[in-house]
Amino acid sequence: MSETLTETPRPALAVTREPFGQMPDGTPIWRYRMTNRCRMTVELVTYGARIHAVHVPDMHGNSEDITLGFDSLDGYLGENDAYFGATIGRYANRIGGARVDVNGTAHELSANEGANTLHGGQHGFDSCVWASESFDAGSTVGVEMTYFSPDGEMGFPGNLAVTVRYTLDDANRLRLHYSAVCDRATPVNLTNHVYFNLAGAGMPSVLEHVATLNASRFTPVNEAMIPTGALESVAYTPLDFMRPRRIGDAIDDDHEQLIRAGGYDHNWVLDTEGDIARLAARVIEPESGRGLEMFTTEPGVQFYTGNNLPGGFVAKNDKTYPPRSGFCLEAQRFPDAPNQADFPNTILSPGEKYSQTTIYRFLPDLPPANTFLDGP
Ligand code: BGC
């Protein structure tokens, strides 16, 4: 009996790393694994500063990987990558006409979705190799990833030095802290594009998940998914998630915005107004009892129900991901803000520091596995 107990590895707050393949030019890619005492595991890879896997026990203690992705680097480099787990920049979501005016100068950006720029252009931060270093801060462990985006990359003006710091603690909080500085005024909007299925990645749908968004308005889009510039109330529309609601409840309603996007794929204007102490979003999967809460300093969140996932390709653990089999909660500044006079500013100037903190907290909040083994 005591042998069994001592043979079971004690989950600990720790971070390790191992090779995760090489880029075509030979650059090594690393996979980091952070663990905590509640049996959570978070894996990160340095290609695109990605969240590669998140293992969380359900209410019975059964652990599953709840994020979508690929088993190997080749998958992420291939044509089926849908920004799985990736850090998005220099500008998350869309910029209409692939063009921005900064202090009176026009800049042509990389157009990668028709005439528009999506997620930073053809080679956004999701497809860059990030430098990395792990750390142990006592009550948290983490990995800091950095990327230097040169002047003119994807058409954006100025050099931009970006840092993303991931930390995990024993309260099942995965914290993402972003910072950036530039040497010339430039638009900056960073986010993470991780897709979750709280029943386990590879389960066919998220429509039974129950979502709450602390947002009474959203930014409607035109046919090209570019914001019209309005802030509209969600009241009496299928976009109202002020109270918990099954994602599938009204996703196929005859509503112009949903038809346009093939489901939910909009920027909600958070009522939290940048206050990270207030809950921004919560999603619960009733069968497993797993849940996810999001807290953020950002003014908006792109709630995306994976409408464009194509299925039919082999992903992690030999699973495939059909449409609506994952959801994203992308904390962000508003899409197309550089071209929208009434949206909050997203231009970073030299001497300023871009800063964002977003926390994903995972439920159920089970007691640490070793509660009864620990001494006083
Ligand atoms: C966008 C979707 C897009 C997806 C790409 C989301 O952030 O809002 O429209 O299809 O990213 O995976």
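Here the residue index of a chain counts from 1 through its sequence in written order. Selection of residues for local features in this predicted model requires a pLDDT of at least 70, selection of side-chain atom pairs for listing and counting requires 80 or more, and totals for whole chains, interfaces and linings are taken over all residues. Side-chain measures here rest on the full set of heavy atoms in the structure, leaving out hydrogens and waters.

- Per an unreviewed UniProt entry, the protein goes by the name Aldose 1-epimerase and belongs to Salinisphaera japonica YTM-1.
- UniProt positions are given in the numbering used here, feature names are shortened, and annotations may be inferred rather than shown by experiment. Its UniProt record gives the protein the following Catalytic activity (unreviewed entry) comment, quoted word for word: "alpha-D-glucose = beta-D-glucose".
- In its Pathway (unreviewed entry) section, UniProt records this for the protein: "Carbohydrate metabolism; hexose metabolism."

Thoughts on the overall build of the protein
Phase 1 of the analysis: Helix numbers and strand numbers start at the N terminus; a helix is a DSSP run of H or I with at least 4 residues, a strand a run of E with at least 2. Each helix and strand in the protein was counted, giving three helices and 28 strands.
Phase 2 of the analysis: Relative to its length of 376 residues, the protein is compact, with a C-alpha radius of gyration of 20 Å against a globular reference of 21 Å.
Phase 3 of the analysis: When the backbone C-alpha atoms are referred to their principal axes, the protein occupies close to 75 × 50 × 40 Å.
Phase 4 of the analysis: A 1.4 Å probe rolled over the protein chains alone gives each residue an accessible area, and that area as a share of the maximum for its type sets the label: buried under 20%, exposed over 50%, partly exposed in between. A total of 376 residues make up the protein; the buried ones form 55% of that total.
Phase 5 of the analysis: Contacts between residues were defined by any pair of non-hydrogen atoms, one from each residue, lying within 4.5 Å. Within the protein, contacts between residues at least 6 apart in sequence are counted, and of these 67% link residues at least 24 apart.
Phase 6 of the analysis: For every accessible area listed, the method is Shrake-Rupley and the probe measures 1.4 Å; residues are considered covered only by the protein chains on display. Summing over all exposed atoms, the protein offers an accessible surface of approximately 15,300 Å²; the carbon and sulfur share of this is 50%. This radius of gyration counts C-alpha atoms alone. The globule rule is 2.2 Å times how many residues there are, raised to the power 0.38.

Quick notes on the nonpolar core
Phase 1 of the analysis: Within this scheme, the nonpolar core is defined by two criteria: the residues are buried Ala, Val, Leu, Ile, Met, Phe, Trp, Tyr or Cys, and they are joined through side-chain atoms within 4.5 Å. Grouped together as the largest cluster of nonpolar side chains are 63 residues, with contacts concentrated most on Met34, Tyr264, Trp268, Phe303, Leu329 and Phe362.
Phase 2 of the analysis: Setting aside residues no more than four positions away along its own chain, Phe362 makes contact with Met40, Val54, Val56, Ile66, Asn172, Leu174, Phe196, Gly291 and Leu292.
Phase 3 of the analysis: By size, the runner-up hydrophobic cluster in this structure holds 19 residues, among which are Tyr47, Leu68, Tyr321 and Cys328.

Things to note about unusual backbone geometry
Phase 1 of the analysis: Of note, the amide linkage connecting Gly89 to Arg90 takes the cis form, showing an omega dihedral of 0°.
Phase 2 of the analysis: By the secondary structure assignment, Arg90 is in the loop between β6 (87-88) and β7 (94-95).
Phase 3 of the analysis: Unusually for a residue other than glycine, Arg324 sits at a positive phi of about 65°.
Phase 4 of the analysis: Assignment of secondary structure puts Arg324 in the loop between β25 (300-304) and β26 (327-332).

Here's the deal with the UniProt feature "active site" (unreviewed entry) in the protein
Phase 1 of the analysis: Within this numbering scheme, the UniProt entry marks His193 and Glu330 as carrying the feature "active site" (unreviewed entry). Judged by maximum C-alpha separation, these annotated positions cover 138 residues in sequence but sit close together in space, the widest gap being only 6.0 Å.
Phase 2 of the analysis: Relative to the helices and strands, His193 is located in the loop between β16 (191-192) and β17 (195-196).
Phase 3 of the analysis: Not counting the four nearest positions on each side in its chain, His193 is found in contact with Ala82, Tyr83, Gly85, Ala86, Ile88, His119, Tyr304, Cys328 and Glu330.
Phase 4 of the analysis: Assignment of secondary structure puts Glu330 in strand β26.
Phase 5 of the analysis: When residues no more than four places from it in sequence are discounted, the contact partners of Glu330 are His119, Thr191, Asn192, His193, Gly300, Val301, Gln302 and Tyr304.

What about the site of the ligand?
Phase 1 of the analysis: One heavy atom suffices: a residue is near a molecule or strand as soon as one of its heavy atoms comes within 4 Å of it. The ligand sits among Ala82, Tyr83, Asn93, Arg94, His119, His193, Tyr195, Asp265, Gln302, Tyr304, Asn308 and Glu330.
Phase 2 of the analysis: One of the side-chain nitrogen or oxygen atoms of His119 is found 2.9 Å away from an oxygen atom of the ligand.
Phase 3 of the analysis: Here an oxygen atom of the ligand and a side-chain polar atom of Glu330 are 2.8 Å apart.
Phase 4 of the analysis: In isolation the ligand exposes 310 Å². Once the protein is present, 94% of that is buried.
Phase 5 of the analysis: Residues are grouped as follows: Ala, Val, Leu, Ile, Met, Phe, Trp, Tyr, Cys and Pro are nonpolar; Asp, Glu, Lys and Arg are charged; all remaining types, including Gly, are polar. Here the residues of the shell around the ligand sort into four nonpolar, five polar and three charged. In protein, a polar contact means a hydrogen-donor-capable atom and an acceptor-capable atom, both N or O and within 3.5 Å, with residues adjacent in sequence counting only if both atoms are side-chain atoms; elsewhere, any N or O pair within 3.5 Å suffices.

A few points about the sheet that holds strand β1 (residues 14-22)
Phase 1 of the analysis: Between any two strands, at least two bridges found by DSSP are needed for them to pair. Taken in spatial order, the five strands line up as β1-β2-β3-β4-β5 in an open sheet, and their pairing is antiparallel. Since the sheet does not close on itself, it has two edges, and those belong to β1 and β5 (63-65), each with one partner. The sheet shows a mean angle of 20° between the axes of neighbouring strands, direction not considered.
Phase 2 of the analysis: Relative to strand β2 (residues 28-35), β1 runs antiparallel, the two being bridged by seven bridges. Looking at β2, one finds that Ala14 is bridged to Thr35. With axes taken as lines fitted to C-alpha atoms, and helix axes fitted only over the stretch in contact, angles between N-to-C directions fall between 0 and 180 degrees.

Remarks on the UniProt feature "binding site: beta-D-galactose" (unreviewed entry) in the protein
Phase 1 of the analysis: Here the UniProt feature "binding site: beta-D-galactose" (unreviewed entry) sits at Asn93, Arg94, His193, Val194, Tyr195 and Asp265.
Phase 2 of the analysis: Positionally, Val194 belongs in the loop between β16 and β17.
Phase 3 of the analysis: The residues touching Val194, leaving out its near neighbours within four places in the chain, are Ile51, Thr67, Gly85, Phe327, Cys328 and Tyr360.
Phase 4 of the analysis: Its location among the elements puts Asp265 in strand β22 (residues 265-269).
Phase 5 of the analysis: Under the relative-accessibility criterion, Asp265 is labelled buried at 7%.
Phase 6 of the analysis: Here Asp265 is in contact with Met225, Gln302, Phe303, Tyr304, Asn307 and Asn308, once residues within four sequence places are set aside.

Brief notes about the pattern of salt bridges
Phase 1 of the analysis: Salt bridges are defined by distance alone: a side-chain nitrogen of Lys or Arg within 4 Å of a carboxyl oxygen of Asp or Glu. Summed over the entire model, instances satisfying the criterion amount to 21 salt bridges.
Phase 2 of the analysis: Two residues, Glu108 and Arg99, come together in a salt bridge whose shortest N-O distance is 3.9 Å.
Phase 3 of the analysis: Where Arg361 meets Glu293, a salt bridge forms, and the shortest distance between an N and an O atom there is 2.8 Å. Of this pair, Arg361 sits in strand β28 (residues 354-363) while Glu293 sits in strand β24 (residues 290-296); the two residues are 68 residues apart in sequence, bridging distant segments of the chain.

What to know about the side chain of Thr357
Phase 1 of the analysis: Within the fold, Thr357 resides in strand β28.
Phase 2 of the analysis: The exposure class assigned to Thr357 is buried, which follows from its relative accessible area of 10%.
Phase 3 of the analysis: If we ignore the near neighbours within four places in the chain, the residues touching Thr357 are Arg175, Leu176, His177, Ile276, Phe295, Thr296 and Thr297.

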